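Listed here are the chains, written in short residue letters.
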Amino acid sequence: MVNVVIAGYARSPFTLARKGALARVRPDDLAAEVVRGLIEKTGVKPEDIEDIIMGCAFPEGEQGMNVARLIGLLADLPLSVGGCTVNRFCGSSMQSVHMAAGQIRLGAGDVFIAAGVESMSRIPMGGYNPLFNPVLAKKSPGAYMGMGETAENVARRWQITRDAQEEFAVKSQKKAASAQAAGKFKDEIVPIHAKAGVIDSDGCIRGDTTKETLAGLKLAFDQEGTVTAGTSSPLTDGASAVLVCSEEYADKHGLKKLARIKSVGVAGVEPEIMGIGPVRSSRKALDRAGLKGTDMDVVELNEAFASQSLASMSEIGFREETVNIDGGAIALGHPLGATGARIVGKAASLLAREGGKYAIATQCIGGGQGIATVLERI
Amino acid sequence: MAGSIKKVCVIGAGVMGSGIAAQVANAGLPVLLLDILPKDGANRNAVAEGAVARALKTDPAPFMSAGAAKLIECGNIDDDLARVAECDWIVEVVLERLDVKQALYHKLEVVRRPGTAISSNTSTIPLQTLLGGMPESFARDFMITHFFNPPRYMRLMELVTGPATDQALAAVVAQFCDRALGKSVVVCHDSPGFIANRLGVFWMTGAVTETPEIGLTIEEADAIMGAPFGVPKTGVFGLSDLVGLDLMPHVNASMAGALPKTDEFHTINRDMPVVRRLLETGYTGRKGKGGFYRINKSGGKRVKESVDLKTGEFRPERKANLPELEAAGRDIRKLFEAPGKVGAYAWNVMGRTLAYAARLVPEAADEITAIDEAMRLGYNWKFGPFELIDKVGVDWFVARLRAENIAVAPILEKAASKTFYRVENGKKQFLGLDGAYHDLKRPDGVLMLEDIKLAGKPVLKNSSAAVWDVGDGVLCFEFTSKSNSLDEQIMALLQKTIALVKEKYKALVIYNEGSNFSVGANVGLALFAANIAAWAQVEAMIATGQDMMQKLKYAPFPVVAAPAGMALGGGCEFLLHSDAVQAYAETYAGLVECGIGLLPGWGGCKEMLGRWVTDPKMPRGPMPGPTKVFEMISTAKVGRSAADAREMLILRGGDGVTMNRYRLLADAKAKALKLVDGYKPQEPREIVLPGPSGKVAMDQAVAGFAKLGVATKHDIVVGGELAVVLSGGGTDIIDVVKESKILVLERESFLRLLRTPATLARIEHMLETGKPLRN
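Just so you know, these numbers come straight off a predicted model, no measurement behind them.

Caption draft 1: Main features of the overall build of chain A. The secondary structure content of chain A amounts to 12 helices and 12 strands. In summary, chain A has a C-alpha radius of gyration of 19 Å against a globular reference of 21 Å for 378 residues, a match within 12%. The principal-axis extents of the C-alpha atoms in chain A amount to approximately 55 × 50 × 45 Å. Burial statistics for chain A: of 378 residues in total, 60% are counted as buried. Excluding contacts between residues fewer than 6 apart, the proportion of contacts in chain A whose partners are at least 24 apart in sequence is 81%.

What follows is the structure, given as structure tokens:
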């Protein structure tokens, strides 16, 4: 069977929506610069790329019109390179990776860019025209439920206290801040050239956050709940990309292989507790690889909310010290469509950097889904 | 003339300087704001920039819009003073120290363009003193422009020129302050404190020192000094807290220093131990932890407290209970004659203040009109001192002064057995120092309904509205009901008016000179009808209102609405159905019906939808427009300026803003006349709305707020009905929705809401307390 590898990972800085440095940058420009950066960094021959598969959760406005193709044109890729936009909400760009891997195994190409983008500054969450089906809204209220409410539901069902959530959030911030201070994001970030200047560092991280400051925050979604802005991932602008190719191609062209894709999984769950999505999808992927949660040496679990992260971690049985070594989305930010490729790329890089045998990247998805990718050290 | 000032430099970024800069920016002009270098730090413009940042957070807001703040460019005196050459008017608002001001003037003289107006905002230093040792070229371009705090909201500007001042240049500045900054320019002589503060400080000092001597509480003193005289209910002690107690000793000392020994101010300017004590314990007024009044938050509750003048300690506020005051009502003479403390206090404070005011003619101003205007606009008195004396009766007043051996000013002698103001041949006149009456002259181009009303009879009139001929074929529709609330009488007269204009006139202006354009429909009537289950009548009320609004919109002549102050609910719907709006800059408009559990029922939903759905700046598709309208109406959002109303699309591109309240009617009339030639009524709009799918999203938004505790139980019901209307009911996105359909939806939802007990409770609560019920 053809082996598929991750042979490069790049992302833009992640900055706060509307307030951050990328707020005035168009998402197509942003993603094009990241794609360009990935190509330069990996040394892949652009003409060999079969397709750009671009994940985006709200593909409209400046990230509409099949933005994947437009990004290829903006990035001056050869006209022969295809472009396709995919949407699985927060799991969009992890889906890009899965599709690329599937295509390679199918013999439908050797090299793919699996990427994602989201400007939460410029395109509202829910899009410009949320036209909900009134029948479905009645039948399945969770289908359109706000993410905050689902986080509260998970907190209640799994009895995750506010205190536990805040402890988790503080740790995420500290890990991200020390990784940033140690320059550990330098090699993954592609500087973005905006009108206002060059943007080359993350803008969401709050390293000085303490449990006391978080305890003082107002509840964000439910006055009888436990979730605050401090225990939620912030609205974020960003783009990310990984190079997915056959192992044979990587070897032949001397590309640096970060990790091998071992297995993948996707699964639906109750929409009202969408945050628990990583559990079923990770189990599927782990089963397919014949592995257990405790076998993982590196875990990239998207921190949409602290409540769902904690609930998912304990259900799957990840070892705490393996989870989000350089911090997670509560600190770094969560530009919906861009997160999947970031955590796959990050898990692959960490496996290469930290050693160990297996890694997993997994995340929850609005509407009630989860997605997971298991990686293996080469 | 005003056009010749295109850029202004304000030097000094304190509260007044930044406030003046903000008002120039509000007028749409660029401002260069300079202050000194900061003590430390790399940013050399930090002082001015800090002032703008603070102004953006100040409430009441100095800026009318966030956009206005971008017109201010900050700099510092060391690096940027030469840039005053770019400016046509330089306003100096630095420390009240002669040496500091003059040092700056000498620097300015080197870098400014000759002929550029320079003015000082000094409140205490005479013009002649400021000019001491300055070259003639400087004196020619120099004047005092004294603004009041806060500059955006206080409409008075005192102008002082010297013998050397170029009068043409002063006229340019005066015109600019009038038309662009919206100020009423009162020309003052170069005498200490000019007019308003000279008199205001006299009044306040007298009031503060008399209170303990007569043995009143501060609540009693404020009650006597407030409503009966048409003085804002803050009275004197509340006003001192507002202005800042720390300023009192400073202002009094400088006033005492500047006034001649013979001035009566010295007799009332006594030591104020209570003020001293308060300042020593850190009570500076409302800007700090309190002054004469404070809010005590200890113990988790907010308790309003006041100082006991006998002990100097705070105690819970005690509402005044003075039978003599009640008995006098609004009869000032009766109040002056009241027995005991009440009469003594009223007379000793206000009687003497009025006598002092009379002596300011001609010392501080040529005419009584300047003094009355200064007190009305500088201290928000409803009546000027001479208007008050007219109420008391000149002869009674003079007799009492004589009886008490108080000097009688020459103007009072001239007024013997007369009044200071009269109406002659339909014109208001005032008494001059020459003993003759003179026509009250408005500044060029000002048209006041008040004057038109003196000169003639209304064209049409009933108990709630009147119609006036304002000349050139334009009629003015005036609301006259209590608080300008809208009722069926107004609708009935509007119907007649539309017919009349069609027949004989060219255009209609909707305007009045109340403090608020209209705070909306008379909901008391709706409540009454609901209580007796007269649903058919309620529906008829809504239908008539809708019908009249449509008639106004599609009338074959131009209709211009000219609001000032609040234009809420139905008042706002009048704006929305006019061809154009000419708004006073201080217009506060919004559709607030949801606050009392209803929704806009006279086409407000329909008009806002039409505007937002067809706005080219909005994203395409059926949701963005209705979502935006839903946000505004469901939260009862009210714009905090005409500029805000424009952001809300209550004002549109062609609509105008008038900065000076006095010029509003003239501007509205001119706008209406401009629309006459080739006038074509608007075409009815047909729009696409999202239908039931859109309602789901709106309902979900309200549910989210309810979970957070921001929206109440009944908000969900009200929001639900609003969502029905704004999503277009059962429409489909491939259909267009006609105006008539939205009107039906408005009517149906309005009636459904009126039938809910929670809405009735909201209305009742609002009528009783003036505050919204959050049920």
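There is more to say, and it comes next.
Caption draft 2: Highlighting the domain arrangement of chain B. All names here are of chain B. Domain assignment breaks chain B into domain 1 (2-188), domain 2 (196-421) and domain 3 (449-598 + 637-682). One C-alpha centre belongs to domain 1, the other to domain 3, and the line joining them spans 38 Å. Contact residues are listed per partner, giving 12 residues for domain 1 and 10 residues for domain 3. Among the residues forming the side of domain 1 that touches domain 3, the class breakdown is 5 nonpolar, 4 polar and 3 charged.

Caption draft 3: Highlighting the environment of A564(B). All names here are of chain B. As for its position among the elements, A564 is in the loop between β19 (559-561) and β20 (565-568). Taking the C-alpha atoms as reference, A564 lies 30 Å from D715; in sequence the two are 151 residues apart. When near neighbours in sequence (up to four residues on either side) are disregarded, A564 contacts F517, Y584, E586, T587, R661 and L664.

Caption draft 4: Geometry of the sheet that holds strand β14 (residues 437-439) of chain B. All names here are of chain B. Taken together, 3 strands build an open sheet; the order of strands is β12-β13-β14 and the sheet is antiparallel. Whereas interior strands pair on both sides, the edge strands pair on one side only; in this sheet they are β12 (421-424) and β14. Recorded for the sheet is a direction-independent mean angle of 40 degrees between the axes of neighbouring strands. As paired strands, β12 and strand β13 (residues 427-431) are joined by 4 bridges and run antiparallel to one another. Bridging from a neighbouring strand, Y421 pairs with F430 of β13.

Caption draft 5: Spatial organisation of the sheet that holds strand β11 (residues 314-316) of chain B. Residue and element names in this part refer to chain B. One open sheet holds the 3 strands; their spatial order is β9-β10-β11, and the pairing between them is antiparallel. In this open sheet, the two strands that pair with only one neighbour each are β9 (293-296) and β11. Direction aside, the axes of adjacent strands within the sheet are offset by 40 degrees on average.

Caption draft 6: Structural context of the interface of chain A and chain B. Between chain A and chain B, the residue contacts involve 15 residues of the former and 16 residues of the latter. Here the side of chain A that touches chain B is built from residues that sort into 8 nonpolar, 5 polar and 2 charged.

Caption draft 7: Here's a closer look at unusual backbone geometry. For the bond running from N149(B) to P150(B), omega is -5 degrees, close enough to zero to count as cis. Relative to the helices and strands, P150(B) is located in the loop between β6 (142-147) and β7 (156-160). With a phi close to 55 degrees, D76(A) is a non-glycine residue in the positive phi region. Take D76(A): there are 12 C-beta atoms within 10 Å of it, and that puts it in the exposed class.

Caption draft 8: How the structure looks around the nonpolar core. L33(B), I195(B), I371(B) and V509(B) are the most contacted members of the largest nonpolar core, which totals 251 residues. Top contributing element to this core by residue count: helix α17 (residues 340-363) of chain B, with 12 residues. The residues touching V509(B), leaving out its near neighbours within four places in the chain, are V470(B), V474(B), C476(B), V560(B), A562(B), A668(B), K669(B) and A672(B). The next biggest cluster of nonpolar side chains, apart from the first, holds 123 residues, and it includes I6(A), V154(A), I276(A) and I371(A).

Caption draft 9: How the structure looks around the packing of helix α10 (residues 218-225) of chain B against α17(B). All names here are of chain B. Put simply, α10 and α17 touch, their axes get as near as 10 Å, and they point 65 degrees apart. Here α10 and α17 pass one another in a crossing that is right-handed. The residues of α17 that touch α10, namely those facing A221, I224 and M225, are V342, Y345, A346 and V349. For the contact of α10 with α17, the class distribution of residues is 7 nonpolar, no polar and no charged.

Caption draft 10: Structural view of the environment of T267(B). Examined against the element boundaries, T267(B) turns out to sit in helix α13 (residues 265-268). By C-beta crowding, T267(B) is classed as exposed, having 9 other C-beta atoms within 10 Å.

Caption draft 11: The arrangement of the packing of helix α24 (residues 523-531) of chain B against helix α34 (residues 757-769) of chain B in detail. Residues and elements named next belong to chain B. Interhelical geometry of α24 versus α34 gives an angle of 135 degrees and a closest axis separation of 10 Å. For the element pair α24 / α34, the angle class is oblique. Crossing of α24 over α34 shows left-handed handedness. For the pair α24 and α34, contact is made by V523, G524, A526, L527 and A530 and by L760, I763, E764 and L767, respectively. Across the contact of α24 with α34, the residue classes break down as 7 nonpolar, 1 polar and 1 charged.

Caption draft 12: Representation of the environment of G704(B) in the model. All names here are of chain B. Residue position: G704 is located in helix α31 (residues 692-707). For G704, a count of 17 C-beta atoms within 10 Å translates into the label partly exposed. On a C-alpha basis, the gap between G704 and D395 in space is 68 Å, while along the polypeptide they are 309 residues apart.

Caption draft 13: Examining helix α1 (residues 27-42) of chain A more closely. Residue and element names in this part refer to chain A. The terminal C-alpha atoms of α1, which comprises 16 residues, lie 22 Å apart, in line with the 22 Å expected from a rise of 1.5 Å per residue. Most of α1 sits out of view: 13 of its 16 residues are buried. After α1 finishes, the residue G43 shows a positive phi value of roughly 75 degrees.

Rules and cut-offs
- Residues numbered from 1 in each chain as written.
- Chains lettered and ligands numbered in written order.
- Predicted model: local features only at pLDDT ≥ 70, side-chain atom pairs only at ≥ 80, totals over all residues.
- Helix = DSSP H or I, 4+ residues; strand = E, 2+ residues; numbered from the N terminus.
- Rg over C-alpha atoms; globule rule 2.2 N^0.38 Å.
- Buried ≥ 20, exposed ≤ 12 C-beta atoms within 10 Å, placed from the backbone.
- Contact = placed C-beta atoms within 7 Å.
- Domains from an automatic or database assignment.
- Nonpolar A, V, L, I, M, F, W, Y, C, P; charged D, E, K, R; others polar.
- Pairing = 2+ DSSP bridges.
- Axes fitted to C-alpha atoms, helices over the stretch in contact; angles between N-to-C directions.
- Core = buried A, V, L, I, M, F, W, Y, C linked by C-beta atoms within 7 Å.
- Left-handed = near helix turned anticlockwise from the far one by under 90°.
- Parallel < 35°, antiparallel > 145°, perpendicular 65-115°, else oblique.
- Expected span 1.5 Å × (residues − 1).

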